[in-house]
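Architecture and fold: a report
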Amino acid sequence: MSSTFGKAIKVTLFGESHGECVGACIEGLAPGLKVDMDYMKAELAKRSARGSISTQRREADEPQIVSGILNGYTEGTPLTILIKNSSADRSAYAAMDHIARPSHADFTAQAKYLGFQDAAGGGHFSGRLTAPLVAVCSIVRRALEEKDIFIGTHINRLHDISDRAFAKDPAADIKALSAEYFPVLDPEAAQRMKSAIEKAGAAGDSLGGVLETAVTGLDAGIGEPWFDSVESELAHALFSIPAVKGVEFGAGFAITELLGSQANDPFGIKDGRIVTLTNNSGGINGGITNGMPVVFRTAVKPTASIAAKQQTVDFIKGETAEIQIAGRHDPAIVHRARAVVDSLTALVIADLYARRYGYMWLRG
Ligand SMILES: Cc1cc2nc3c(=O)[nH]c(=O)nc-3n(C[C@H](O)[C@H](O)[C@H](O)COP(=O)(O)O)c2cc1C
């Protein structure tokens, strides 16, 4: 059983979508890291639901730190954040207690937790738990930024609408994205994506998309061989995000369409530093960072909850059934998942640095 991730720096998630609160506990943080509540709230705002492109469930997302902090700095002991579910409403789920919502975790949770699970809104499997995850990881992300390590994510593709790719040096793109709620590099593509989400939502349907992330400022030599490679650790974390169905690094699956002579990244020297002249490897060789930006893409499926009637089963009666899902849902998850991708990326990077240099490394 594991709602815990990380080795040197560990995060444990708890709570249910329509329970009293959701929360996260982070262990392994150095003492003396600044806990900047404005920064944390800005990170939570990027994950929040806004306008007609997000669910109408509107949560205040007020983080309450109940342990591990003194006078605005981490104590170095487990730090726990609670976020109240101020807009919880079980009533929409009462009628479908035993009816499996297609492509949700209702049936699999029943198979694992034998009827003792809180099924409302996906319970412990809900995207709601990503709120405290973003909150605790914001402490780590801020500390990384003080070390000039920056993370940025844009919506590379929404259904069939594409954004431009990151520039070869993504530093300026990352900066431009940092305060955006709907992170797209090409403004015209952003408009088309938003309209497509609104249209799908109005039709009671949903859309998926691909997020592209870049991390700059990394040293060469971070990561572990084999099973704790940078790719393995990032993929492990990213696949934990509800609705994520694919992760690829650098040129990704498309690298198979290249010849070796096109796929290889030649080495060179720039400003006295060893660099690669292309970055098809996504900044990783042999599972270890090579000092180039780490670049990867995360596929987010269309929201499972849609308004149309769907075929399913009543898993208690063992009968087929039809379901029409009521309640409040995101017509697309991809723009909200961006904050979660950035947060987990920060956690993985900090964890790998802490494993190499010790947990005090994050302190500076
Ligand atoms: C920030 C965020 C918000 C989400 N909101 C919804 C939602 O409103 N409706 C929904 O059907 N799924 C939503 N999801 C995804 C579901 O939680 C997820 O698809 C479901 O638990 C099944 O898990 P799986 O898709 O990983 O198999 C959200 C995910 C995230 C990360």
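Shown above is the structure to which this text applies.
What you are looking at is a predicted structure, and each value in this text was computed from that prediction instead of being measured. Along each chain, residue indices are assigned from 1 in the same order as the chain's sequence is written. Side-chain atom pairs in this predicted model are given and counted only at pLDDT of 80 or more, local residue features only at pLDDT of at least 70, and totals for whole chains, interfaces and linings cover all residues.

**Concerning the overall build of the protein chain**
Strands here mean DSSP runs of E at least two residues long; helices mean DSSP runs of H or I at least four residues long; both are numbered from the N terminus. For the protein chain, the helix and strand inventory stands at nine helices and 18 strands. Dimensions of the protein chain, computed from the C-alpha atoms along their principal axes, are close to 65 × 50 × 35 Å. Expressed as a percentage of the 364 residues in the protein chain, the buried residues total 44%. Exposure classes come from backbone-placed C-beta atoms, where a residue is buried if 20 or more other C-beta atoms lie within 10 Å of its own, exposed if 12 or fewer do, and partly exposed in between.

**Thoughts on the nonpolar core**
Any nonpolar core is a set of buried residues, restricted to Ala, Val, Leu, Ile, Met, Phe, Trp, Tyr and Cys, that join up through C-beta atoms within 7 Å. Among the nonpolar cores identified, the biggest contains 80 residues, and Val 136, Val 140, Leu 347 and Ala 350 are the most heavily contacted of them. Here this core takes 14 residues from helix α9 (residues 334–357), the largest share from any one element. We call two residues in contact when their backbone-placed C-beta atoms lie within 7 Å. Sequence-distant contacts of Ala 350, that is, excluding residues within four places in its chain, are made with Ile 9, Val 140, Leu 144 and Leu 362. Counting eight residues, the second-largest nonpolar core is a separate cluster that includes Met 96, Ala 100, Ala 119 and Ala 120.

**Structural notes on the site of the ligand**
Being near a molecule or strand means, for a residue, that its C-beta atom, positioned from the backbone, comes within 6 Å of it. Neighbouring the ligand are 22 residues, the closest being Gly 127, Pro 242, Ala 243, Ser 305 and His 329. Top contributing element to the shell around the ligand by residue count: α9, with three residues. Under the grouping applied here, Gly and all other residues not named as nonpolar or charged are polar, the nonpolar ones being Ala, Val, Leu, Ile, Met, Phe, Trp, Tyr, Cys and Pro and the charged ones Asp, Glu, Lys and Arg. Per-class residue counts for the shell around the ligand are nine nonpolar, nine polar and four charged.

**Describing the packing of helix α1 (residues 37–47) against helix α4 (residues 130–146)**
Each axis is a line fitted through C-alpha atoms, and for a helix only the stretch in contact is used; angles between axes span 0 to 180 degrees, taken between their N-to-C directions. Remark: α1 packs on α4, axes separated minimally by 9 Å, with the N-to-C direction vectors making an angle of 135°. The angle between α1 and α4 places the two elements in the oblique class. The crossing of α1 and α4 is right-handed. Between α1 and α4, the residues in contact are Tyr 39, Met 40, Glu 43, Leu 44 and Arg 47 and Thr 130, Ala 131, Val 134, Ala 135, Ser 138 and Arg 142, respectively. Along the lines of polarity and charge, the residues of the contact of α1 with α4 split into six nonpolar, two polar and three charged. Angle categories are assigned with fixed cut-offs, so that under 35 degrees is roughly parallel, over 145 is roughly antiparallel, 65 to 115 is roughly perpendicular, and the rest are oblique. A clockwise turn of the near helix away from the far one marks a right-handed crossing, whereas an anticlockwise turn of less than a right angle marks a left-handed crossing.

**Thoughts on the pairing of strand β12 (residues 267–270)**
Between any two strands, at least two bridges found by DSSP are needed for them to pair. Across four bridges, β12 lies against strand β13 (residues 273–276) in antiparallel orientation. Bridge pairing in β13 places Phe 267 opposite Thr 276. Two successive antiparallel strands, β12 and β13, enclose a turn made up of two residues, where Asp 271 displays a positive phi of approximately 50°.

**Quick look at the sheet that holds strand β16 (residues 294–300)**
Taken together, five strands build an open sheet; the order of strands is β9-β8-β10-β16-β11 and the sheet is antiparallel. Among the strands making up the open sheet, the edge pair consists of β9 (161–162) and β11 (244–249). Direction of pairing for strand β8 (residues 150–158) relative to strand β10 (residues 209–216): antiparallel, over a ladder of eight bridges. Bridged to His 154 within β10 is Glu 212. The sheet contacts of helix α7 (residues 230–238) involve β11 and β16, and relative to β11 the element is tilted by about 160°.

**Re the sheet that holds strand β3 (residues 21–27)**
Here we have five strands laid out as an open sheet, ordered β1-β2-β3-β7-β4, and antiparallel in their pairing. The sheet terminates laterally at β1 (4–5) and β4 (63–67), the two strands that pair on one side only. Judged from the four bridges that link them, β4 and strand β7 (residues 79–84) form a sheet pairing that is antiparallel. Bridged to Pro 63 within β7 is Ile 83.

**Regarding the packing of α4 against α9**
Between α4 and α9, whose axes approach to 8 Å, the crossing angle comes to 50°. With respect to their mutual orientation, α4 and α9 come out oblique. You can see that α4 and α9 cross each other, and the crossing is left-handed. Residues Thr 130, Leu 133, Val 134, Cys 137, Ser 138, Val 140, Arg 141 and Leu 144 of α4 lie in contact with α9, whose contacting residues are Ala 339, Val 340, Asp 342, Ser 343, Leu 344, Ala 346, Leu 347, Ile 349 and Ala 350. Among the residues making up the contact of α4 with α9, the classes are represented as twelve nonpolar, three polar and two charged.

**Quick look at α1**
Residues of α1 that are buried include every one of Met 40, Glu 43, Leu 44, Lys 46 and Arg 47, and no others. An end-on view of α1 places all buried positions within 155° of arc, on one side of the element. Looking at the buried side of α1, the elements it contacts are β4, α4 and α9. The directions considered for the arc are those from the helix axis to the C-beta atoms.

**Some points on the pairing of strand β18 (residues 319–323)**
The buried fraction of β18 is low, at zero of five residues. As paired elements, strand β17 (residues 310–314) and β18 share five bridges and run antiparallel to each other. Residue Gln 310 lies in a different strand from β18, and its bridge partner there is Ile 323. Where β17 folds back on β18, the antiparallel hairpin that results is connected by four residues, among which Gly 318 adopts a positive phi of roughly 70°.

**Some thoughts on the environment of Gln 117**
Topologically, Gln 117 is positioned in the loop between α3 (106–113) and α4. For Gln 117, the residues in contact, after removing those within four places along its chain, are Ala 109, Gln 110 and Gly 123.

**Re unusual backbone geometry**
Phi is positive for Asp 148, which is not a glycine, with a value near 65°. As for its position among the elements, Asp 148 is in the loop between α4 and β8. The exposed category is assigned to Asp 148, around which 10 C-beta atoms lie within 10 Å. Located in the positive-phi region is His 159, a residue other than glycine, with phi close to 55°.

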